[in-house]
Amino acid sequence: MIYQFQIVSQEAQNFRLEVALDEKHSFFDFHSIIQKSVGFESHQLASFFVSNKNWRKLVEISMLDLGINGAAFYIMQKTKLCDLLQDKGQHLIYTFDFLNDRSFFIELTGIIMEKNLNEPLVALKQGDSPVQVLGEERIELETGISQEEEVYMDFGELDDYTEIFGEMDDF
């Protein structure tokens, strides 16, 4: 069985990604294909959430085993798509930036029975995806000096420092 998904973002209105995965693929496979297709770095934490029709988070599928005892808990590497997905139209939220609560919204748009897929497949990538972590993009000022260089200029020259505080003695 093949699951077809459509992925969109509230930040980038022109962005749309369509992927297909087999029912035997894990949520980690899903995470990997999203990361590769939008050019995200894999060292950042992310989680999937099964949600209702109003995009309210119900169940988390995490990258990390947090060792929660007694509660239903799912880990991406161990959870197959077929374990939690059954119906066309089902919603998922893929949170890729926890500090700023930024996510992709995913809808299961189709289920193809009696077919298999060995590798996850990107069927469509349209538009530019949002950046993975806010603040990564460097803003060039009108003068052509980057924001980072401007910060260094705010502290003045080293000569000014020594004039004010004197030479530093070795400790």
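Above this text is the structure in question.
Figured I'd write up the structure that's included with this text. (Residues numbered from 1 in each chain as written. Predicted model: local features only at pLDDT ≥ 70, side-chain atom pairs only at ≥ 80, totals over all residues. Heavy atoms only, no water.)

**Structural notes on helix α1 (residues 27-38)**
Here comes step 1: The terminal C-alpha atoms of α1, which comprises 12 residues, lie 17 Å apart, in line with the 16 Å expected from a rise of 1.5 Å per residue.
Here comes step 2: A side-chain oxygen of the first residue of α1 lies 3.2 Å from the backbone nitrogen of F28; this N-cap is S26.
Here comes step 3: Of the residues trailing α1, G39 is marked for its positive phi of about 80°. (Helix = DSSP H or I, 4+ residues; strand = E, 2+ residues; numbered from the N terminus. Expected span 1.5 Å × (residues − 1). Polar contact = N/O pair within 3.5 Å; in protein donor to acceptor, adjacent residues only side chain to side chain.)

**Observations concerning the sheet that holds strand β5 (residues 74-75)**
Here comes step 1: One open sheet accounts for eight strands, arranged β5-β4-β3-β6-β7-β1-β2-β8; its pairing is mixed. If you trace the sheet from one side to the other, it starts and ends with β5 and β8 (121-126), each paired once.
Here comes step 2: As paired elements, strand β1 (residues 2-8) and strand β7 (residues 102-112) share seven bridges and run antiparallel to each other. Bridge pairing in β7 links V8 to F105.
Here comes step 3: Across the face of the sheet, α1 comes into contact with β1, β2 (16-22), β3 (47-51), β4 (57-62), β6 (91-97), β7 and β8 while running at roughly 145° to β2. (Pairing = 2+ DSSP bridges. Contact = heavy atoms within 4.5 Å. Axes fitted to C-alpha atoms, helices over the stretch in contact; angles between N-to-C directions.)

Geometry only, nothing functional implied.
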